[in-house]
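Observations on the three-dimensional arrangement
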Amino acid sequence: MATLVTIIVFILFLSAILTGGYNKELMDRFRSHWLWDWITTVDHKKIGIMYGIGGGFFFILGGIEALLIRTQLFYPNNDFIVGRAFNELLTMHGTTMIFFVAMPLLFALMNMIVPLQIGARDVAFPFLNAMGLWFFIAGGILMNLSWLFGNAPDAGWTNYVPIAANEYSAGTGIDYYVLGLQISGFGTLMSGINFLATIINMRTEGMSFLRMPLFTWTSFISSALILFGFPPLTAGLFLIMFERLFGANFFDVAAGGNPIIWEHLFWIFGHPEVYIVVLPAFGIMSEVISTFSKKRLFGYTSMVFATILIGFLGFMVWAHHMFTVGMGPVANSIFAIATMTIAVPTGIKVFNWLFTMWGGKIRFTTAMLYAVGFIPTFVMGGVTGVMLSTPPGDYQYHDSYFVVAHFHYVLIGGTVFGILAGFYYWWPKIFGYKLNEKLGKWNFWLFFIGFHLTFLIQHFIGLFGMPRRVFTYQPEDGLTLINQISTVGAYMMAVATILFVVNVIYSYRHRVPVGNDPWDGRTLEWSIPSPAPFYNFAQLPKVRALDAFWHEKMKGNKEMEPAEPLGPIHMPSNNHLPIVIVLGFFISGLGFVFRSNEVGALGLIFAFLMMFVRSFEKDHGYHVETDEVEKVEKGVKA
Amino acid sequence: MEQAKPQQESQATESDAKHLASFAVMIVLTAIAFAAVTMDIVPPAMVVPLIIGLAAIQVMMQFFTFMHLDFKKHRITVTFIFTGLLFGVICVVALKYLV
């Protein structure tokens with residue numbers, strides 16, 4: 001207690017000294033600081049950028065974990081990282097990459113681009129949006145604190161019971177996983193609902209559902225999947241939390257429980273999750289391929305239909321992750337056939353991308369390279385997917401490196417390529433300058449070759465019999481050379497990632513401002529200045545066709561036709577409550593991890609108190625006056 | 001929202017009849033459920049599935065007549081509700097038979 005008081009007094013002194021003595025202006029000084037502006041922001045573009053920074057940070061962390069795993073597997077009988085530490089690495093790598101890299105980076109692009117593409121000034125619930133961001137950051141930090149305090153989760157990213165129950169995983173390890181994912185899951189659910197409401201309600205005049213750009217469509221469907229897919233995860237995590245913290249018996253067979261329940265709940269969420277992270281990437285690819293082929297997307301309506309169908313079928317196939325559990329031949333067959341069906345809409349998409357390029361005027365920018373590299377890579381991942389969906393085959397492939405190769409082909413070849421293409425493509429819209437194309441091409445080729453070097457060979461590692469999640473192999477297994485090739489590929493990908501960071505810094509220091517429309521784009525976001533002003537559209541545009549901006553350009557118009565006269569713009573005001581509420585949940589999570597129920601309860605009480613405060617807040621936002629809008633627009637044009 | 005008001009008033013008379021009709025149907029459905037349990041008309045193994053089927057019909061009638069769920073006005077909301085219901089039912093049935 002005495003230490004705590006000392007620290008508080010010390011912090012007060014320090015802040016008094018740093019802010020120039022205690023006076024009434026202390027709060028004003030805080031408020032005028034740029035950091036305060038970012039912490040309290042409700043602007044979807046700033047939130048998108050912060051999602052990007054957070055996701056990028058965890059991408060580096062997850063990447064380091066992957067490198068350590070591959071380094072350990074470089075030699076047979078290597079003792080660099082063994083046993084429990086290796087299990088912790090592979091668990092944290094998987095969990096981080098799915099929940100704290102793929103999802104937030106896609107949310108980054110969705111936040112930055114979707115409102116611009118549908119002609120909206122903001123999202124439907126800006127407060128909720130900010131809260132979603134802070135929930136993600138709190139969850140990610142909470143889980144990664146386990147590295148600092150020791151005892152990281154080590155039951156695999158699927159966290160199967162009974163290995164994850166107290167009996168076999170004593171200590172705090174799994175609790176970081178459970179509470180970290182629970183907290184970031186709240187945020188994801190909120191953001192998903194927010195995007196559903198935004199896309200349904202906030203489209204500008206003329207932007208009918210079948211005129212929405214494909215990235216908006218795929219974001220819409222993947223938000224719907226979040227809405228239906230995350231509640232089972234939340235429920236499952238609650239079960240496992242009560243089992244671990246409060247001694248419940250949901251999974252204990254001796255007490256009448258059943259461990260298979262967790263596997264079902266996890267995969268009822270887990271399979272849609274795969275589509276949640278890959279569908280927006282499909283959307284990005286559709287935009288990029290259509291823009292850089294200078295053609296309308298081939299078969300737009302069938303693309304929309306395929307997206308909806310993939311989303312729907314995504315919920316009917318979860319048990320194909322559990323063929324070897326022993327559900328019986330009937331259930332296995334049903335789920336096998338349902339799984340194979342998904343190849344049909346995905347095939348529709350692949351052919352549409354190819355036909356979009358066919359006869360187009362193709363420009364191989366970095367974004368386009370990623371999109372073109374994505375097609376064969378993803379098809380290979382899809383083919384191994386169909387192989388795995390056959391139960392007799394699956395009994396052979398199960399838990400081998402073949403599976404590892406398969407899901408890295410779809411997750412890196414699909415999602416990561418999509419995210420990188422999206423960043424190269426939309427960077428000028430977000431920051432006002434392009435990323436360097438020369439470095440970009442180096443980045444692409446290194447990443448692409450490194451990726452195939454790492455994972456193509458892993459199919460064979462698996463077929464030669466190496467199980468996944470093991471920390472070593474024997475020299476006589478004949479796996480040494482192929483494991484070494486795989487590790488070299490992983491280091492190439494690491495170099496490529498460093499090159500991307502270099503590119504970001506280099507492009508910032510040598511930035512050349514670009515105009516509204518550097519790529520000769522087709523959709524609404526290219527009709528407004530780069531970077532987009534904080535109110536997005538001075539006048540909401542009137543959409544007259546699919547590829548609205550392209551339509552106007554073909555008609556000889558330089559700008560979109562406005563749907564409203566120039567007038568005051570209503571904007572939401574910044575709010576510090578999202579981060580404060582999330583802080584309560586974070587403290588609560590940390591308390592429960594350390595098995596201190598008092599701290600856990602106090603954190604929750606604090607969070608709900610802050611929500612109570614929020615519900616009595618009378619803040620209706622503010623208006624940007626017409627002359628200010630005119631001033632900003634003139635400044636941009638000059 | 002305000003434009004919808006006069007429309008609702010014009011519908012008031014016809015919805016009275018609709019309400020009464022669906023009330024009657026629901027009474028009949030409930031009676032069938034009671035009869036199925038007490039009177040040995042249906043084979044015992046079929047009683048529970050039958051009652052669940054009747055309940056599903058009743059819930060739909062509740063939604064659309066008494067709770068004024070209007071597909072035409074709230075197409076997206078209704079689609080989402082029923083998609084969620086469908087996924088929920090599939091998962092529950094699967095868990096019942098697979099676990």
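Residues numbered from 1 in each chain as written. Chains lettered and ligands numbered in written order. Predicted model: local features only at pLDDT ≥ 70, side-chain atom pairs only at ≥ 80, totals over all residues. Heavy atoms only, no water.

Considerations on the overall build of chain B
Rule in force here: To qualify as a helix, a DSSP run of H or I must reach at least 4 residues; to qualify as a strand, a run of E must reach at least 2; elements of each kind are numbered from the N terminus. Note on classification: 1.4 Å probe, protein chains only; a residue is buried when its accessible area is under 20% of the maximum for its type, exposed when over 50%, partly exposed between these limits. Accessible surface area values rest on a Shrake-Rupley calculation with a 1.4 Å probe, where residue burial reflects the displayed protein chains alone.
A tally of helices and strands in chain B yields 3 helices and 0 strands. Walking chain B from its N terminus toward its C terminus, one meets helices and strands in the order α-α-α. By the burial criterion, 17% of the 99 residues in chain B qualify as buried. Accessible surface for chain B amounts to roughly 7,400 Å². Of this, 72% is attributable to carbon and sulfur atoms.

Notes on the interface of chain B and chain A
Definition in use: Residue contacts follow a heavy-atom distance rule, with two residues in contact if any of their heavy atoms lie within 4.5 Å. In short, buried area is how much 1.4 Å probe accessible area vanishes from two parts on joining, totalled over both. The rule for a salt bridge is simple: a side-chain nitrogen of Lys or Arg has to be within 4 Å of a carboxyl oxygen of Asp or Glu. Under the scheme applied, nonpolar residues are Ala, Val, Leu, Ile, Met, Phe, Trp, Tyr, Cys and Pro; charged residues are Asp, Glu, Lys and Arg; polar residues are all the others, including Gly.
Taken together, the 12 residues of chain B in the interface contact 18 residues of chain A. Buried surface at the junction of chain B and chain A, summed over both partners, amounts to about 1,300 Å²; 94% is from carbon and sulfur atoms. The largest contributions to the chain B side of the interface with chain A come from Phe80(B), Phe87(B) and Leu98(B), which together make up 45% of the buried area. The interface formed by chain B and chain A contains 0 salt bridges. Along the lines of polarity and charge, the residues of the side of chain B that touches chain A split into 10 nonpolar, 2 polar and no charged.

Focus: the packing of helix H11 (residues 329-341) of chain A against helix H12 (residues 343-357) of chain A
The angle between the axes and the distance between the axes are what describe a pair of packed helices. Residue and element names in this part refer to chain A. Stated precisely, the cut-off is as follows: Only the contacting stretch of a helix is used when fitting its axis, a line to C-alpha atoms as for every element, and angles between N-to-C directions run 0 to 180 degrees. By definition in this entry, angles of less than 35 degrees are roughly parallel, angles greater than 145 are roughly antiparallel, angles of 65 to 115 are roughly perpendicular, and the rest are oblique.
Viewed as axis vectors pointing N to C, H11 and H12 meet at an angle of 10°, and their least axial separation amounts to 5 Å. With respect to each other, H11 and H12 are oriented roughly parallel. Touching Thr339, Met340 and Thr341 of H11 are Ala343, Val344 and Pro345, all from H12. Here the residues of the contact of H11 with H12 are counted per class, giving 4 nonpolar, 2 polar and no charged.

Examining the packing of helix H5 (residues 84-117) of chain A against helix H15 (residues 401-431) of chain A
Residue and element names in this part refer to chain A. Here is the rule we go by: By the definition used in this description, the sense in which the near helix is turned from the far one sets the handedness, with an anticlockwise turn below a right angle giving left-handed and a clockwise turn giving right-handed.
Remark: H5 packs on H15, axes separated minimally by 10 Å, with the N-to-C direction vectors making an angle of 35°. Considering how the two elements wind past one another, H5 and H15 form a crossing that is left-handed. Contacts between H5 and H15 involve His93, Ile98, Ala102, Leu105, Leu106, Leu109, Met112, Ile113, Leu116 and Gln117 from the first element and His408, Leu411, Thr415, Ile419, Gly422, Phe423, Trp426, Lys429 and Ile430 from the second. Each residue belonging to the contact of H5 with H15 can be placed in one class, and the counts come to 13 nonpolar, 5 polar and 1 charged.

Quick notes on the UniProt feature "domain: Cytochrome oxidase subunit I profile" (unreviewed entry) in chain A
Note the threshold: UniProt positions are given in the numbering used here, feature names are shortened, and annotations may be inferred rather than shown by experiment.
Here, UniProt's "domain: Cytochrome oxidase subunit I profile" (unreviewed entry) annotation points to residues 30-544 of chain A. What you have in residues 30-544 of chain A is 68% helix and 0% strand, and the ends, taken at the C-alpha atoms, are 46 Å apart.

Some points on the packing of aromatic side chains
All names here are of chain A. Definition in use: Pairing of aromatic rings covers Phe, Tyr and the six-membered ring of Trp, with a centre-to-centre limit of 6.5 Å; geometry is then stacked below 30 degrees between planes, edge-to-face above 60, and tilted otherwise. Comment: the charge-over-ring label is applied if NZ (Lys) or CZ (Arg) is within 6 Å of the ring centre and within 35 degrees of the ring normal.
Enumeration over the complete set of coordinates arrives at 71 aromatic pairs over all chains. Ring geometry for Tyr370 against Phe444: centres 4.9 Å apart, planes inclined by 85°, an arrangement best described as edge-to-face. With Tyr370 in helix H13 (residues 366-388) and Phe444 in helix H16 (residues 437-463), this pair connects stretches of sequence that are 74 residues apart. Here the two residues Tyr370 and Phe444 agree in accessibility, since each one is buried. Through pairs of rings, three or more aromatic residues link up here, namely Tyr370, Tyr409, Phe417, Tyr424, Phe444, Trp445, Phe447, Phe448, Phe451, Phe455 and Phe500. The residue whose ring lies beneath Lys46 is Trp38, and the NZ or CZ to ring-centre distance is 5.4 Å. If you follow Arg614 out to its NZ or CZ, it ends over the ring of Phe127, 3.8 Å from the centre.

Description of the nonpolar core
All names here are of chain A. Keep this limit in mind: The term nonpolar core refers to a set of buried residues drawn from Ala, Val, Leu, Ile, Met, Phe, Trp, Tyr and Cys, joined through side-chain atoms within 4.5 Å.
Grouped together as the largest cluster of nonpolar side chains are 164 residues, with contacts concentrated most on Trp318, Trp353, Phe417, Trp426 and Phe447. When residues no more than four places from it in sequence are discounted, the contact partners of Trp353 are Phe282, Met285, Ser286, Ile289, Leu297, Met303, Phe374 and Ile375. Ile69, Leu89, Leu90 and Met466 belong to the second-largest nonpolar core, a separate cluster that totals 14 residues.

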